[in-house]
Amino acid sequence: MIEATELTKRYGGRTAVDRLSFTVRPGRVTGFLGPNGAGKSTTMRLILGLDSPSAGRVTVGGKAYADLPVPLRAVGSLLDAKGVHGGRSAYHHLAGLAASNGIPRRRVAEVLDLVGLPEETARRRTKGFSLGMGQRLGIAAALIGDPEVLILDEPVNGLDTEGIRWIRGLMKSLAAEGRTVFLSSHLMSEMELTADHIVVIGQGRLIADTAMRDFIETNSRAHTLVRSPEPERLRTLLEAAGAHVRLDARGGWRVDGPDAPSIGDLARDHGVAVHELTPAHSSLEEVYTTLSRSSVEYRAEDRPQEATTTRQKETAR
Ligand code: ADP
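Residues numbered from 1 in each chain as written. Predicted model: local features only at pLDDT ≥ 70, side-chain atom pairs only at ≥ 80, totals over all residues. Heavy atoms only, no water.

Chemist: What's the story with unusual backbone geometry in this structure? I'm lost.
Modeler: For residues that are not glycine, phi is negative in most cases, and the peptide bond is trans in most cases. Positive phi, normally seen in glycine, also occurs at Arg19, with a value near 45°. Mapped onto the elements of the fold, Arg19 is located in strand β2 (residues 14-24). Phi angles above zero are rare outside glycine, and Asp146 is one such case at about 50°. By the element assignment, Asp146 lies in the loop between α6 (131-143) and β6 (149-153). (Helix = DSSP H or I, 4+ residues; strand = E, 2+ residues; numbered from the N terminus.)

Now the structure itself:
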């Protein structure tokens, strides 16, 4: 479990993390979302003791990072996959980590297996590693101490589809083992598939700490996807009835306003055939874009924080 309480980090006059309180619980994947510059990396550095808070505190398993007896056994992290010395082999990098943390050497083979790096590849210098291999090595290093808590900053950055699917599966299985998995990503569609819970921040402040499904359902606009062999006739009808109609990315119309039964009835009353009528919710990306935009607008106006939540809810409705 990770617990941040009123966590604050100021760099000179700039507040990167602003009275942030949230809890990351075990047994599920928690996504950490926020636009560039929102304070995600700073927060992760504070959790990992790489930077110290200006105020407030953050603990991992009830302890500040500096007080963990063997940090690698409690928390594994991947902040920058390129942080491996290129002249060493992956095997030596992992063996060095194991030795300096009192972790048995056999764990090296176990984590190599876990991340799908063959031993012959692991014996090569990391300089020639592809991005995907570097990422697997970074995750192997994070897992070497068999930690309860995992913190990964943008773990799927630059990976191909196969690599992304692999990381998604691994994160879910680590969470299913009862571990705490906290990962940031700016890829919303990927986060929607991977995370069960999300912590959303904007300009250093908390916007939401909630179940993924609740976040989408509470903040999204319900709409209906409609297909008809007479699309223009249907659109004219719908617009005359006050609906907002636009083309959906998957083809057909995306209709805001009337619900699915009303659309079906309207089409029937005018003899227009309907081939699909699907109630739908906004994607995570749409909800997130609306909320983070209102957060930025709000900060520009510099209102008190309590007002943000209300205003964001209103904007999102
Ligand atoms: P994110 O990871 O969400 O993109 P960061 O945590 O990297 O955001 O940055 C948050 C804010 O803090 C940004 O405005 C950034 O410029 C600032 N910042 C981050 N690290 C430093 C630092 N070492 N010195 C000064 N400002 C910093």
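Picking up after the structure, the text goes on.
Chemist: Honestly, the sheet that holds strand β13 (residues 276-280) in this entry has me stumped. Any pointers?
Modeler: Whether parallel or antiparallel, the strands of a sheet pair through hydrogen bonds between backbone atoms. In space, the 4 strands of this open sheet follow the order β11-β12-β10-β13, with antiparallel pairing throughout. Lying at the two open borders of the sheet, with one neighbouring strand each, are β11 (244-247) and β13. Averaged over all adjacent pairs, the angle separating strand axes in this sheet is 25°, with direction ignored. Across 3 bridges, the pairing between strand β10 (residues 223-227) and strand β12 (residues 253-256) is antiparallel. Opposite Val226, over in β12, you have Trp253 as the bridge partner. Helix α10 (residues 231-240) rests against β10, β11 and β12 of the sheet, and its axis sits at about 10° to β12. Together, β10, β12 and β13 form the strand contacts of helix α11 (residues 260-269), whose direction differs from that of β13 by roughly 160°. (Pairing = 2+ DSSP bridges. Axes fitted to C-alpha atoms, helices over the stretch in contact; angles between N-to-C directions. Contact = heavy atoms within 4.5 Å.)

Chemist: What exactly am I supposed to notice about the site of the ligand here?
Modeler: The environment of the ligand is made up of Tyr11, Arg14, Ala16, Pro35, Asn36, Gly37, Ala38, Gly39, Lys40, Ser41, Thr42 and Arg45. Ala38 places a main-chain nitrogen or oxygen 3.1 Å from an oxygen atom of the ligand. A distance of 2.9 Å separates an oxygen atom of the ligand from a polar backbone atom of Gly39. Those elements that provide at least two residues to the shell around the ligand are β2 and α1 (40-47). A total of 4 residues in the shell around the ligand trace back to one element, the largest contributor, which is α1. Along the lines of polarity and charge, the residues of the shell around the ligand split into 4 nonpolar, 5 polar and 3 charged. (Near = heavy atom within 4 Å. Polar contact = N/O pair within 3.5 Å; in protein donor to acceptor, adjacent residues only side chain to side chain. Nonpolar A, V, L, I, M, F, W, Y, C, P; charged D, E, K, R; others polar.)

Chemist: For this particular structure, what's the right way to read the packing of helix α3 (residues 90-100) against helix α4 (residues 106-114)?
Modeler: A pair of packed helices is captured by two measures, namely the crossing angle of their axes and the spacing between those axes. Running from N to C, α3 and α4 point in directions that differ by 130°, and their axes come no closer than 9 Å. As summarised for this structure, α3 and α4 are arranged oblique, according to the angle between their axes. For α3 against α4, the interelement crossing comes out right-handed. Note on element contacts: α4 touches α3 through Val108, Val111 and Leu112, opposite Tyr91, Leu94, Ala95 and Ala98. For the contact of α3 with α4, a count of residues per class yields 7 nonpolar, no polar and no charged. (Parallel < 35°, antiparallel > 145°, perpendicular 65-115°, else oblique. Left-handed = near helix turned anticlockwise from the far one by under 90°.)

Chemist: Honestly, empty space enclosed by the protein in this entry has me stumped. Any pointers?
Modeler: Space left empty within the atom packing is revealed by a probe, the size of a water molecule, rolled over the atoms. In this structure the tally under the stated criterion is 1 cavity of 30 Å³ or more. Roughly 50 Å³ of internal volume is contained in the largest cavity. Residue lining of the largest cavity: Pro155, Val156, Ile167, Arg168, Leu183, Ser184, Ser185, Glu190, Met191 and Thr194, and that is the complete set. Mapped by element, the contributors of at least two residues to the lining of the largest cavity are α7 (161-176), β7 (180-184) and α8 (188-194). Considering every element that reaches the lining of the largest cavity, the biggest residue donor is α8, with 3 residues. Across the lining of the largest cavity, the residue classes tally to 5 nonpolar, 3 polar and 2 charged. (1 Å grid on protein atoms, 1.4 Å probe; cavity = no way out; pocket = protein on both sides within 12 Å on 5 of 7 lines; lining within 4 Å. Points joined across faces, edges and corners; volume = space filled by probe spheres on them.)

Chemist: Is there a simple way to explain the packing of aromatic side chains in this structure?
Modeler: To describe a pair of aromatic rings, one takes the distance between the centres and the angle between the planes. Tallied over the full model, the rule gives 3 aromatic pairs. Ring centres of Phe22 and Phe32 lie 6.0 Å apart, and the angle between their planes is 40°; on these two criteria the pair is classed as tilted. You can see Phe22 sitting in strand β2 and its partner Phe32 sitting in strand β3 (residues 28-33), a full 10 residues away along the chain. One exposure class covers both Phe22 and Phe32, and it is buried. By the ring-pair criterion, three or more aromatic residues cluster together here, those being Phe22, Phe32 and Phe182. (Phe/Tyr/Trp six-rings, centres within 6.5 Å; stacked < 30°, edge-to-face > 60°. Buried < 20%, exposed > 50% of the residue type's maximum accessible area, 1.4 Å probe, protein only.)

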